[in-house]
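Here's the letter readout for the chains.
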Amino acid sequence: MISSRAEIDPRAKIGKNVKIFPFAYIEGDVEIGDDCVIYPYVSIMNGTRMGRGNTVYQNTVLAAIPQDFNYRGEDSQLVIGDNNIIRENVVINRATHSDGQTVIGNNNFIMEGVHISHDTKIGNYNVFGYGTKIAGDCIISNRVIFSSGVIANPGARVGDAVMIQSGCRFSKDVPPFIVATENPIKYGGINSNILTSYNVDEKTQQHIANAYRLIFHGQTSVFDAVMQVKEQVPDGEEIRNIIDFINGSKLGIIGKI
């Protein structure tokens, strides 16, 4: 299952039933789990730790050296989970420092031309559309959809079940369960399609919408809006997720000062 025309350092650890096509390049400090498929002209660089069942398409570079002026040649890592699809021409940088990691979780679909920079942490079941660029130190949660051409600037966070529409760019945090739209980026309503697909009932969705009405359309600070949510919106897992996400924000949230 491994082509003799692939260039693989003998120190690399390759799991069972891995298929590696001709002209793939794999360095020595690399671990690839079982049942992965590596297509031609993929480069898997030192520091890659890949789980099982991943498929990596042509011309992708994994664990590329960070594009960070703070990088000083330290041994660092890119950790990839299981069952991810990484399409053509994707670049994912490893971490800047030896005590850091760039992390890709499980069951993500990363489309052609995506760039994920150093020390970014990505959860599970996300979709990243064509040409999306994610800067360093970002945190992307679970079940997020980035349409094509999205730009996430350094340190930004994205909550669970968010849809970010094509061409949006953002430097602040995007809270859970919403659709983000336009430039400058703004709140475009709750992500009802995704919430429904994950069995969030209509009453809970209404509570989420009421919470965001207070946060985005109220004439108060974010702090006061969160207090109003606690007082006026029935408690629940999703509401606590929203409150915890906003309280944990260091950059502020989109659409609010």
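It should be noted that the structure appears before, not after, this text.
Residues numbered from 1 in each chain as written. Predicted model: local features only at pLDDT ≥ 70, side-chain atom pairs only at ≥ 80, totals over all residues. Heavy atoms only, no water.

J.: What should I look at first to understand the overall build of the chain in this one?
T.: Assigned secondary structure in the chain consists of four helices and 27 strands. For the C-alpha atoms alone, the extent of the chain along its principal axes is close to 65 × 40 × 30 Å. Across the 257 residues of the chain, 51% fall into the buried class. For the chain, the share of sequence-separated contacts (at least 6 apart) that also reach a separation of at least 24 residues comes to 30%. Accessible surface computed for the chain: about 12100 Å², of which carbon and sulfur atoms make up 49%. Taking the average place of the 23 positive charges on the side chains of the chain and the average place of its 27 negative ones, the gap between the two points comes to 2 Å. (Helix = DSSP H or I, 4+ residues; strand = E, 2+ residues; numbered from the N terminus. Buried < 20%, exposed > 50% of the residue type's maximum accessible area, 1.4 Å probe, protein only. Contact = heavy atoms within 4.5 Å. Areas by Shrake-Rupley, 256 points an atom, 1.4 Å probe, with all protein chains shown as cover. Lys, Arg positive; Asp, Glu negative; His and termini not counted. Charge placed at Lys NZ, Arg CZ, Asp CG, Glu CD.)

J.: Where do I start with the packing of aromatic side chains in this structure?
T.: Aromatic ring pairs: the centre-centre distance and the angle between the two ring planes describe each pair. By the definition in use, this model includes eight aromatic pairs. Between the aromatic rings of tyrosine 187 and phenylalanine 216, the centroid separation amounts to 4.5 Å while the plane-to-plane angle is 5 degrees, which identifies the pairing as stacked. In this pair, tyrosine 187 sits in strand 27 (residues 186-190) while phenylalanine 216 sits in helix 2 (residues 202-217), placing the two residues 29 residues apart along the sequence. A residue is classified by how much of its surface remains accessible, and phenylalanine 216, at 13% relative accessible area, is buried. Aromatic ring contacts, followed pair by pair, group Phe21, Tyr39 and Tyr57 into a single cluster. The ring centre of tyrosine 125 lies 4.7 Å from the NZ or CZ of arginine 143, which sits over that ring. One Lys or Arg, arginine 157, reaches over the ring of phenylalanine 245 and ends 4.0 Å from the middle of that ring. (Phe/Tyr/Trp six-rings, centres within 6.5 Å; stacked < 30°, edge-to-face > 60°. Lys NZ or Arg CZ within 6 Å of the ring centre and 35° of its normal.)

J.: Help me understand the sheet that holds strand 15 (residues 109-110), please; the structure alone is not making it clear to me.
T.: In a beta sheet, neighbouring strands are held together by backbone hydrogen bonds and run either parallel or antiparallel to one another. With respect to topology, 10 strands assemble into an open sheet ordered 3-6-9-12-15-18-21-24-26-27, the strand pairing being mixed. Taken across any chain shown, the strands that pair with only one partner, and hence form the sheet edges, are strand 3 (19-20) and strand 27. Alignment of strand 15 against strand 18 (residues 127-128), held across two bridges, turns out to be parallel. In the strand pairing of strand 18, phenylalanine 109 is matched with valine 127. Helix 2 rests against strand 26 (178-181) and strand 27 of the sheet, and its axis sits at about 160 degrees to strand 27. (Pairing = 2+ DSSP bridges. Axes fitted to C-alpha atoms, helices over the stretch in contact; angles between N-to-C directions.)

J.: Please explain the environment of lysine 19 as it appears in this structure.
T.: Tracing the chain through its elements places lysine 19 in strand 3. Lysine 19 sits in the partly exposed class, given a relative accessible area of 34%. Through-space distance from the C-alpha of lysine 19 to that of valine 103 is 23 Å; in sequence the pair is 84 residues apart. Setting aside anything within four residues of it in sequence, one finds lysine 19 in contact with Met1, Cys36, Val37 and Ile38.

J.: How should the side chain of serine 3 be read in this particular structure?
T.: By the secondary structure assignment, serine 3 is in the segment before strand 1 (7-8). Sequence-distant contacts of serine 3, defined by excluding residues within four places in its chain, comprise Ile20, Phe21 and Pro22.

J.: Explanation requested: the nonpolar core in the structure shown.
T.: Ranked by internal contacts, the top residues of the largest apolar core, which has 70 residues, are Phe146, Ile164 and Phe170. Setting aside chain neighbours within four positions, we find isoleucine 164 in contact with Ile145, Phe146, Ser147, Val150, Val158, Phe170, Val174, Ala180 and Ile185. (Core = buried A, V, L, I, M, F, W, Y, C linked by side-chain atoms within 4.5 Å.)

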